[in-house]
Amino acid sequence: EAQVTQNPRYLITVTGKKLTVTCSQNMNHEYMSWYRQDPGLGLRQIYYSMNVEVTDKGDVPEGYKVSRKEKRNFPLILESPSPNQTSLYFCASSPPTSGGGRNEQFFGPGTRLTVL
Amino acid sequence: GNSVTQMEGPVTLSEEAFLTINCTYTATGYPSLFWYVQYPGEGLQLLLKATKADDKGSNKGFEATYRKETTSFHLEKGSVQVSDSAVYFCARGGRGYQKVTFGTGTKLQVIP
C-alpha cells in the first residue's frame, strides 16, 4: 500500500530533551515536506526537500532540523524542544511533475507532540 | 508572498443542506488549486484539484471551479452527509512546482 508513515504518533517530552520524528514514504517521491498544524493558523511549512541531500527552509524553520540521506526518509529533529513547539506535525511527499501530480501532496497520519 | 484565504468556521449544517466554503488566493502566476480534507484523527487527503482557469475539480459530490477573474476556488456540495464532517483546507501551488500554501482550514459539522 502506498503511504507515508510517521513515528511516533504521540509524544510527550520535556523542554530541552532532543527528539526525532521519523517520516518514510514508499512511493519513490522526490519531494518531501514537514508541516505543523496549530489552531487558527492552518498548516505552516517547516522544511522541505527536493531530493536526497537537498533541503531548504519553509516558513517556520526555527528550532528544527531535517536531513535527507535516503529518498524514502525525511526525519524531523528538535535539538532542544520548547513548549511553543507543542503542535500537530505532518509529513508529506509529492510525486514527480512528469506524473501529472503537480503540487499534489500525500500526507502522513500526523504526530501530536507535547513539550512540557 | 502567496496566500490563501478561506472562510472561518465552524460551519454547522443539517444533513442534506447545501454547502459552500469560500476560498480566494493571491493571483501571482498560474497556480494549481486544491481542496484537502482532514477527517478526525487523520492526516490530510486530497479531495479535488484544478490546474488551470475554468477547470472544475470534483470528487465525492464536491465541486470547485477555478475562477481566475475572481481569484476564487469555492468548494460546494449539493447535499451534505454526517460523514462529511471534517476540516477542509484550500491550498494553492506556487513556484518550484512543489511549494504549497494552505489556508487556515474550515471545520464542517453536519448534524442529523
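The coordinates are above.
Attention in this report is confined to the structure presented alongside it.

Calculation notes
- Residues numbered from 1 in each chain as written.
- Chains lettered and ligands numbered in written order.
- Predicted model: local features only at pLDDT ≥ 70, side-chain atom pairs only at ≥ 80, totals over all residues.
- Heavy atoms only, no water.
- Disulfide = S-S within 2.5 Å.
- Helix = DSSP H or I, 4+ residues; strand = E, 2+ residues; numbered from the N terminus.
- Buried < 20%, exposed > 50% of the residue type's maximum accessible area, 1.4 Å probe, protein only.
- Contact = heavy atoms within 4.5 Å.
- Buried area = accessible area lost by both parts, 1.4 Å probe.
- Salt bridge = Lys/Arg side-chain N within 4 Å of Asp/Glu carboxyl O.
- Polar contact = N/O pair within 3.5 Å; in protein donor to acceptor, adjacent residues only side chain to side chain.
- Core = buried A, V, L, I, M, F, W, Y, C linked by side-chain atoms within 4.5 Å.
- Pairing = 2+ DSSP bridges.
- Axes fitted to C-alpha atoms, helices over the stretch in contact; angles between N-to-C directions.
- Phe/Tyr/Trp six-rings, centres within 6.5 Å; stacked < 30°, edge-to-face > 60°.
- Lys NZ or Arg CZ within 6 Å of the ring centre and 35° of its normal.

Right, let's talk about the state of the cysteines for a bit. All names here are of chain A. In total, this model carries two disulfides over all chains according to the counting rule given. Here Cys23 connects covalently by a disulfide to Cys91, the sulfurs 1.8 Å from one another. Judged by the torsion about the S-S bond (-70°), the Cys23/Cys91 disulfide is left-handed. One end of the pair, Cys23, is in strand E3 (residues 19-25); the other, Cys91, is in strand E9 (residues 87-94), with 68 residues separating them in the sequence. By the burial criterion, Cys23 is buried, and Cys91 matches it.

Here the focus is the interface of chain A and chain B. In many analyses, interface size is given as the accessible surface area lost on bringing the parts together. Taken together, the contact between chain A and chain B spans 25 residues of the former and 23 residues of the latter. When chain A packs against chain B, close to 1,900 Å² is buried across both sides, 48% of that on carbon and sulfur atoms. When the shortest N-O distance is used, the salt bridge between Lys49 of chain B and Glu104 of chain A registers 3.1 Å. Along the contact surface separating chain A from chain B lie three residue pairs in polar contact (both at pLDDT 80 or more). Every element with two or more residues in the side of chain A that touches chain B is listed here: strand E4 (31-38), strand E5 (42-51) and E9 of chain A. Ranked by the residues each element gives to the side of chain A that touches chain B, the list is headed by E5 of chain A, at four residues.

Turning our attention to the nonpolar core. In this structure, Trp35, Leu47, Leu48, Phe73, Leu75 and Tyr88 of chain B are the most contacted members of the largest nonpolar core, which totals 25 residues. Those elements giving two or more residues to this core turn out to be strand E2 (11-14), strand E3 (19-21), strand E4 (23-25), strand E5 (33-38), strand E6 (44-50), strand E8 (62-65), strand E10 (86-93) and strand E12 (106-111) of chain B. When neighbours within four sequence positions are excluded, Leu75 of chain B is seen to be in contact with Leu19, Thr20, Ile21, Trp35, Leu47, Leu48, Phe62, Glu63, Ala64 and Tyr88 of chain B. Grouped together as the second largest cluster of nonpolar side chains are 19 residues, Val4, Leu19, Met27 and Cys91 of chain A included.

Turning our attention to the pattern of salt bridges. This model, assessed by the stated rule, comprises eight salt bridges over all chains. Lys77 of chain B is paired through a salt bridge with Asp84 of chain B; the nearest N and O atoms lie 2.7 Å apart.

Further remarks concern the sheet that holds E8 of chain B. Residue and element names in this part refer to chain B. Spatially, four strands are ordered E3-E9-E8-E7 in an open sheet, and the strand pairing comes out antiparallel. With one partner strand each, in any of the chains shown, E3 and strand E7 (56-59) form the two edges of the open sheet. Here the strands of the sheet are splayed against their neighbours by 15° on average, with no regard to which way each runs. As paired elements, E8 and strand E9 (residues 75-77) share three bridges and run antiparallel to each other.

We now examine the packing of aromatic side chains. Counted under the stated rule, the structure contains 11 aromatic pairs over all chains. Ring geometry for Phe90 of chain A versus Phe107 of chain A: centroids 6.4 Å apart, planes at 80°, classification edge-to-face. Taken as a pair, Phe90 of chain A in strand E9 and Phe107 of chain A in strand E10 (residues 106-107) lie far apart in primary sequence, 17 residues in all. For the pair Phe90 of chain A and Phe107 of chain A, one class covers both residues: buried. The interplanar angle of 80° and the centroid separation of 5.6 Å between the aromatic rings of Phe107 of chain A and Tyr36 of chain B together place this pair among those described as edge-to-face. Of this pair, Phe107 of chain A sits in strand E10 while Tyr36 of chain B sits in strand E5, placing the two residues on different chains. Across the pair, Tyr36 of chain B and Phe107 of chain A agree in class, each one buried. Taken together, the ring pairs in this structure connect Tyr35, Phe90 and Phe107 of chain A together with Phe34, Tyr36 and Phe102 of chain B into an aromatic cluster. The side chain of Arg68 of chain A reaches across the aromatic face of Phe74 of chain A, ending 6.0 Å from its centre.

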